[in-house]
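So you can see what is in the structure, the chains are spelled out below.
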Amino acid sequence: MGAQRAGAPVLSGAVPPLAPYYHARQETGVELADGLRPGQTILLVPAILGTGGTGKTQLAVGFTHAMWSARAVDLLAWVSAGSREAIVAGYAQAAADLELPPGEETTAEGAAQRFLAWLRKTERRWAVVLDGMASPVDIEGLWPQGPAGQVIVTSRLRESELADAGAGVTAHAVSGFSRREALAYLNSRLTGYPDQRIEALDLAEDLGGLPLALAQAAAVVSVTDGTCRQYRAEYAQRLATTTGTAVEGCPQSLLATWSLAVENAHKLSPAGLSWPALVFASAFGTSGIPAGVLTSPAACAYITGQPGTGQPGTGQPGTGQPGTGTLVRTAYANLERLGLLSVDDASPVRTVWLHSAIRSAVRAYLAPASTDQLVTAAAAALVEAWPPPGAPASAPQLSAALRDSAGALRAFAGDLLWKPEANDVLLRAGSSLTEPPALADSAIAYWQSFGAVSNRLLGYGHAHSVLARDRLADAYAASGRLVEALPVFEAALSDREATYGPQHPETVTARLHVATSLNAAGREPEAIALFEQVLGARERLFGPGHRETLVVRVLLAAAYEGAGRRGDSIRTYERALADAERDLGPGHAVTLAARVSLADAHLAAGQPHEAISAYQRALADQEAAAGADAPATLAVRASLAGAYRAGGKAKEAITAYERVLADRSRVLGDEHPGTITARGNLGYAYRTAGRLKDAIPQYERVVADRDRLFGADHRGTIAARAILGAAYQQGRRLREAIETYERVLGDSERVLGPGDSDTLTTRCNLATAYFEAGRMTEGVKVLRHALTDCERYLGPDHPMTSTVRENLQAATE
């Protein structure tokens, strides 16, 4: 089942297949499939802690199919919850499937938060399934909540460990089938001849009603054309040999049925391949293994002992010449036939599903000497199946599935993936985290862990340790966390200087990263000194008009501006523009960007007329190069409007802002963040021109749009509502101003905290509105509260504290 779009109900994520001969649980199924329970969170946990095979995931799958078939929901999202990374990736995919408008944060984490905000706000019916939650830490800050939907969680954790799910939580301890359900299941499966079902109820009791054990037992009886009585005898003998072997999450009854199922699968043609196929699958995760992994050349070679016939690098299963590919697929079909795994032929992304209890049993019986060979083959299979960067649109889902498998292999293999050095799969998994949609926080955590292991096993100076520091620095930079990245950038620079010398191009680039980080940290003098060094080095290496040189000159100009050196900034921008125009041409992207930066610098220096001229030229060049509707063209037009306003040309500013809003609405849509920003800017232009009757409807629309798209608790929404309150106040609509300020103050205090600058400012604005409305007592009370908070959070000598104190004295005299 894939994502449905265009107004249709949306199904997001890879839903595991229903088990063959799936049997609805009328007595022990906790009535999940009866209907949607909006506002509820259902936790499916084992009746006995850590026990697998009770059917928690299948209950969730049954719920999913029931809701989807009945069209009871407008969104159904299945999210693998084995790690925080997987949860974030699942939410980001749901945001994409819903076609939610992009936000200011373009990473997967940002998309995940937009999805959660949509759940909280929407009136459309939804259900989110979090399958296999492994740790309460993974879900912190990521619980789905909202009045229109329901959450289903499957986990082996205790109910108390999942207690932060919020209100409306109901936990169900899932045990096995009831006697009636177990007998009905066996009767439906064993239809070969009447005597086949003799002692069926006794068999169900032997197995404790465990659905997975019953499925394997029924499969063996069917494949061997035996009877329940015969199977009970074999089961008793096998139980005697497996009792005493402790396997995590696998009860003794399931271990015995698993052993019998494996033995019978191994006999099926092609004889001898089912066990190595099952072993190979056990190296990976339990949230769906891509077909391309299991039929890759490395997989085929491991399972059959013959060269494989897969298609490396495509993520797709191999076509299979006579032999290996067909043999391997038949082996997996046999394993499914015996109840040892599930195969979803409709999904190349997550094709084979292996229960965690089965995986644990396979690993428990795996000969230690063969683990190294398994890990090597599994790692090679993942690399062969992984699409290259820039692959088609289906690649993000496939990459997520491959990362899940790689993470499971990493946890299983430990240091075996570091012999003699880091396996290629570790590098590929890490690099995939920065491919769109980027998982910025996960990338940082990954390369931190990779670097720590590399330092321990290979040494601080090993090439892979150096690479880890580089990738970690890149991950910090991509996430915008440049200040935190400074020690990492400095380490990378030291590596480059020691390896290549101070003037090598890679060393110069590393020095540029340090300069950028210093600038972000507010250490402008140090940043400027390094930028100047880098600029000189790149001029010597490439020449003044080379793109790499121009980029540094623009960064240096920006650093000058940040340090208050306006003249140096403008001169440097002018030099960058002249060099770019001469060597690259007026329509080159670098030239266009330099002209816009020069205009920005003139505006920041209080030179609006020079800024207007520069923006006008930039707009003409940008329009000629990319067209009137290009995002960059729209951005330059918005900047020109701002320059008109700053230069006191209100009429021209309003005309330009109206054009910007119309263009963005037409090109990007009304719900795009850029359109919402343009509407707010037009409102401000109306307001500064004294046209409050025109400004207020724009502000009201901005608040409504932000409220709907990002939620009332988003900082941008709170700020937009505060601006609306100020417009009401300026327009003497004091009742509405007070009501709005009171709402903003409550939201700001709750979301941002009482000491946040926006909270303090709103409290002061509310006091002013009270005074203007003649409600002096309330105004004084609020202002006293504001003074107390300012003294507490800002200090008694802060300028804002002093201003509030003076206003309070004036109000009480």
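Just above sits the structure.
Residues numbered from 1 in each chain as written. Predicted model: local features only at pLDDT ≥ 70, side-chain atom pairs only at ≥ 80, totals over all residues. Heavy atoms only, no water.

Observations regarding the overall build of the protein
Selection criterion: Here a helix means four or more residues in a row that DSSP labels H or I, a strand means two or more in a row labelled E, and each is numbered from the N terminus. Only heavy atoms matter for contacts: two residues are in contact if any of them lie within 4.5 Å across the pair. Method for areas: the Shrake-Rupley scheme with a 1.4 Å probe, in which residue coverage is limited to the protein chains shown. In this tally, Lys and Arg are treated as positive and Asp and Glu as negative; His is ignored, and so are the chain termini. Throughout, a charge is located at the NZ atom of Lys, the CZ atom of Arg, the CG atom of Asp or the CD atom of Glu.
Secondary structure summary: the protein contains 34 helices and 8 strands in total. If you line up the protein on its principal axes, its C-alpha atoms span 95 × 70 × 50 Å. Put simply, 63% of the contacts in the protein that link residues at least 6 apart link residues at least 24 apart. On the protein, roughly 33,700 Å² of surface is accessible, and the fraction owed to carbon and sulfur atoms is 52%. Taken together, the 75 basic and 85 acidic charged side chains of the protein have centroids lying 2 Å from each other.

Examining the environment of Leu59
Spelled out, the test is: Throughout this description, buried means an accessible area under 20% of the type-specific maximum (1.4 Å probe, protein chains only), exposed means over 50%, and partly exposed covers the range between.
Here Leu59 is to be found in helix α1 (residues 56-69). For Leu59, a relative accessible area of 6% corresponds to the buried category. Linking Leu59 and His23, residues 36 residues apart in sequence, is a C-alpha distance of 9.9 Å. Ignoring sequence-local partners within four residues, the contact set of Leu59 consists of Arg25, Thr28, Gly29, Leu32, Leu44 and Val174.

A few points about the sheet that holds strand β5 (residues 149-155)
Our working rule: For two strands to pair, DSSP has to find at least two bridges joining them. Geometry is summarised by axes, namely lines fitted to C-alpha atoms with helices restricted to the contacting stretch, and by angles between N-to-C directions that run from 0 to 180 degrees.
Spatially, the 6 strands line up as an open sheet ordered β1-β3-β4-β5-β2-β6, and their pairing is parallel. Only two strands of the sheet have a single neighbouring strand rather than two, namely β1 (10-12) and β6 (169-174). Going across the sheet, the axis of each strand differs from the next one's by a mean of 10 degrees, ignoring polarity. Pairing of strand β4 (residues 126-133) with β5, which is carried by 6 bridges, proceeds in the parallel orientation. Within β5, the residue paired with Ala127 across the bridge is Gln150.

What to know about helix α32 (residues 757-772)
Under the convention used in this document: To estimate how far a helix should extend, the number of its residues minus one is multiplied by 1.5 Å. Under the rule applied, a polar contact is a pair of N or O atoms within 3.5 Å (in protein, one hydrogen donor and one hydrogen acceptor; residues adjacent in sequence only if both atoms are side-chain atoms).
With 16 residues, α32 should cover 22 Å at 1.5 Å per step; its first-to-last C-alpha distance of 23 Å lies within 8% of that length. When α32 is considered as a whole, its buried residues turn out to be Thr759, Leu760, Thr762, Arg763, Cys764, Leu766, Ala767, Ala769, Tyr770 and Phe771. Where α32 is buried, its residues meet α30 (715-730), α31 (734-751), α33 (776-793) and α34 (799-812). The backbone nitrogen of Asp758 lies 2.9 Å from a side-chain oxygen of the residue at the head of α32, namely Asp756. The positive-phi residue at the C-terminal boundary of α32 is Gly774, with phi of around 80 degrees.

Re unusual backbone geometry
With an omega of 0 degrees, the peptide bond running from Ser269 to Pro270 counts as cis. Residue placement: Pro270 occurs in the loop between α8 (252-267) and α9 (274-281). Backbone torsion omega between Lys419 and Pro420 reads -5 degrees, so that peptide bond is classified as cis. In this model, Glu199 sits at a positive phi of 70 degrees, which is unusual for a non-glycine residue. Turning to its location among the elements, Glu199 is positioned in the loop between α4 (179-189) and α5 (200-206). Positive phi outside glycine occurs at Arg732, with the angle close to 65 degrees. By the secondary structure assignment, Arg732 is in the loop between α30 and α31. For Arg732, a relative accessible area of 53% puts it in the exposed group.

Looking at the packing of aromatic side chains
Put simply, the test is: Here is the rule: rings of Phe, Tyr and Trp (six-membered ring for Trp) pair when centre to centre is within 6.5 Å. Planes less than 30 degrees apart are stacked, more than 60 are edge-to-face, and the remainder are tilted.
Counted by the stated rule, this structure contains 10 aromatic pairs. A centroid spacing of 5.8 Å and a plane angle of 45 degrees characterise the contact between Phe177 and Tyr185, whose relative ring orientation is tilted. For the pair Phe177 and Tyr185, one class covers both residues: buried. Ring centres of Trp418 and Phe450 lie 4.8 Å apart, and the angle between their planes is 55 degrees; this geometry places the pair in the tilted category. Note that Trp418 is positioned in the loop between α15 (395-413) and α16 (424-432) and Phe450 in helix α17 (residues 440-457), a separation of 32 residues in sequence. Residue Phe450 is classed as buried on the basis of its relative accessible area of 4%.

Points about the environment of Tyr793
Secondary-structure assignment places Tyr793 in helix α33. For Tyr793, a relative accessible area of 33% gives the class partly exposed. Taking C-alpha positions, Tyr793 is 8.5 Å from Pro754, a pair spaced 39 residues apart along the chain. Contacts of Tyr793, omitting those with residues within four sequence positions, involve Pro754 and Gly755. Side-chain polar atoms of Tyr793 contact the side chain of Arg792, separated by 3.3 Å.

Quick look at the side chain of Thr242
Mapping Thr242 onto the fold places it in helix α7 (residues 228-242). Excluding residues within four positions of it along the chain, Thr242 makes contact with Gln252, Leu255, Ala256 and Tyr365.

Concerning the pairing of β5
Consecutive side chains of a regular strand alternate in pointing toward one face of the sheet and then the other. Burial analysis of β5 places 7 of its 7 residues in the buried class, which makes it a mostly covered element. Here β5 shows no split at all, with Gly149, Val151, Val153 and Ser155 on one side and Gln150, Ile152 and Thr154 on the other all buried. Both strand β2 (residues 41-46) and β5 contribute to a ladder of 4 bridges, which runs parallel. Note on β5: the bridge partner recorded for Leu43 is Val153.

Observations concerning the side chain of Gln622
Position of Gln622 among the secondary structure elements: in helix α25 (residues 608-626). A relative accessible area of 9% places Gln622 in the buried class. Residues in contact with Gln622, not counting those within four places in the same chain, are Leu592, Gly627, Ala632 and Thr633.

Some thoughts on the environment of Thr154
Residue placement: Thr154 occurs in strand β5. Overall, the relative accessible area of 1% leaves Thr154 in the buried class. Along the primary structure Thr154 and Glu336 are separated by 182 residues, whereas in three dimensions their C-alpha atoms are 23 Å apart. Beyond its immediate stretch of four places on either side in the chain, Thr154 contacts Leu44, Lys56, Thr57, Ala60, Leu130, Asp131, Gly132 and Met133.

Digging into helix α29 (residues 692-710)
Its 19 residues give α29 an end-to-end C-alpha distance of 26 Å, which sits within 8% of 27 Å, the value for a rise of 1.5 Å per residue. Looking only at α29, the buried set comprises Leu692, Ala695, Ile696, Gln698, Tyr699, Val702, Val703, Asp705, Arg706, Asp707, Leu709 and Phe710. Buried-residue contacts for α29 involve α3 (108-121), α27 (650-668), α28 (673-688) and α30. Immediately beyond the C-terminal end of α29, within one or two residues, lies Gly711, with a positive phi of roughly 95 degrees.

That's the geometry; what it means functionally is another story.
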